[in-house]
2 protein chains.
Amino acid sequence: MKPRDENKIDQIYQATLKQVKANGLAGITMQSVAREANIATGTLYIYFKNKEALILSLYHVCVKNSAGVYFKNYDPKAPFKVSFYLIWSNMVQHRISSFTESIFMEQCYHSPFIDEDTRKTLKKMFEPLMNLIKRGKEERLIKDIDTFWLIAFLIGTVNEIAKRTIYFNKKLTTEILNTNFQMCWDGIKA
Amino acid sequence: MKPRDENKIDQIYQATLKQVKANGLAGITMQSVAREANIATGTLYIYFKNKEALILSLYHVCVKNSAGVYFKNYDPKAPFKVSFYLIWSNMVQHRISSFTESIFMEQCYHSPFIDEDTRKTLKKMFEPLMNLIKRGKEERLIKDIDTFWLIAFLIGTVNEIAKRTIYFNKKLTTEILNTNFQMCWDGIKA
DNA sequence: TCATTAAATGAATAAATATTCATTTAAATT
DNA sequence: AATTTAAATGAATATTTATTCATTTAATGA
């Protein structure tokens, strides 16, 4: 018997991301995804039940991917600021290197494809970061502000740096990264 | 002769925004917009040539609306920090009170509807803010960092505060607003 | 009041898009 | 090499959605 080409799923995912980046979630069609992936339209339906399943499945893969990367090399025993810098910079770098995934996730968030439950799983992704922030407050290193707003502050800066790096075609040197981190740190430090 | 109901255009805009908030740009159809606006599908085509024209036209209205509000009550002769707080808080408040517009604009940005030129008009909107930032640097009140990244920092925080206020159904009290401003200010101050 | 004119309607049609399926292809097993 | 099995194909079909248009409605001015 003929086995599945296990590369194909990733090929389809990549094609979908590319299409979403170019035309938005509103712009993708099953034919355009198939064309981009160099496969027949019907083949999509061997790997995914329908369009919704494809999008949803890709969404979950993207969420999973991010979560892992954010905490790469994270050592909970390292000093607070070291850990904080690591995670902050992981987030910035991942959002830049996986920018199409980020856009895709953002667009999914307000779409008929993602339901309320799916939305909630996103929250769990940030639990280790929440714990780190709490630790920073306990150690009196950062401001005694509701963790919710401290994280809002972080995520906001991270997102916008990534967006602008891509849209305005900037090269994010270590110097620029550190300058941006400095603003962020000064914002939250006690 | 029967005159046009001049309220109708706004009615259509509001219906479109409501639909986009609920289902994303990928989820709207001319029939769903018409239903939401309590008019017949055909009536949409009296006011707009086609779907693309409707979306594009609404996009321009939204951009125009934001630009004005951000600089409401702005007095260039006021002290820097006063002006800065005013504009920052105008931005936060406008993004919250016009959240559907914000989502819509964000989604349009990556869609087949908006072209490169249209995208550029967004940049002009922030020119007065750029000038204020430059003044702050000249007065040595804020860090000597590329205005581009200072603005990225601001916009990032503003966007995320607005998003979270809405998504997590928070009440943005003056106290919380000021706490958030403090982080932002500490981040950019010299 | 009546005639005129354009708005408004919504069913009908056109166009775009998702999905299916009969057929072909190719890997694996005998 | 022949057989089996599922993948792959892409044209055909089903479905959804955009757009049109013959008809009705209502505001205006003669």
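Residues numbered from 1 in each chain as written. Chains lettered and ligands numbered in written order. Predicted model: local features only at pLDDT ≥ 70, side-chain atom pairs only at ≥ 80, totals over all residues. Heavy atoms only, no water.

For chain A, an unreviewed UniProt entry supplies the name TetR/AcrR family transcriptional regulator and the organism Paraflavisolibacter caeni.

The next point concerns the domain arrangement of chain A. Residues and elements named next belong to chain A. Once the domains are mapped, chain A shows domain 1 (1–48) and domain 2 (56–188). Inter-centroid distance (C-alpha atoms) of domain 1 to domain 2 is 28 Å. Listed per partner, the contact involves eight residues of domain 1 and 12 residues of domain 2. Of the roughly 910 Å² buried where domain 1 meets domain 2, counting both sides, 83% is carbon and sulfur surface. The three residues of domain 1 that bury the most area against domain 2 are Tyr13, Leu17 and Leu25, which together make up 63% of that side's buried surface. Between domain 1 and domain 2 we count zero salt bridges in total. Grouping the amino acids of the side of domain 1 that touches domain 2 by side-chain chemistry returns five nonpolar, two polar and one charged. (Domains from an automatic or database assignment. Contact = heavy atoms within 4.5 Å. Buried area = accessible area lost by both parts, 1.4 Å probe. Salt bridge = Lys/Arg side-chain N within 4 Å of Asp/Glu carboxyl O. Nonpolar A, V, L, I, M, F, W, Y, C, P; charged D, E, K, R; others polar.)

Our next topic: the interface of chain A and chain B. On the side of chain B, 43 residues touch chain A, which itself brings 44 residues to the contact. Between chain A and chain B the total buried area reaches about 3700 Å² when both faces are included, carbon and sulfur atoms providing 70% of it. Among the residues chain A hides against chain B, the three largest losses belong to His110, Trp149 and Met183 of chain A. Together they make up 22% of the total. The interface formed by chain A and chain B includes two salt bridges. Two residues, aspartate 186 of chain A and lysine 143 of chain B, come together in a salt bridge whose shortest N-O distance is 2.8 Å. The interface formed by chain A and chain B contains three residue pairs in polar contact (both at pLDDT 80 or more). Among the elements of the structure, helix H1 (8–23), helix H6 (99–109), helix H9 (147–167) and helix H10 (174–188) of chain A are those that each provide at least two residues to the side of chain A that touches chain B. It is H9 of chain A that contributes the most residues to the side of chain A that touches chain B, 16 residues altogether. (Polar contact = N/O pair within 3.5 Å; in protein donor to acceptor, adjacent residues only side chain to side chain. Helix = DSSP H or I, 4+ residues; strand = E, 2+ residues; numbered from the N terminus.)

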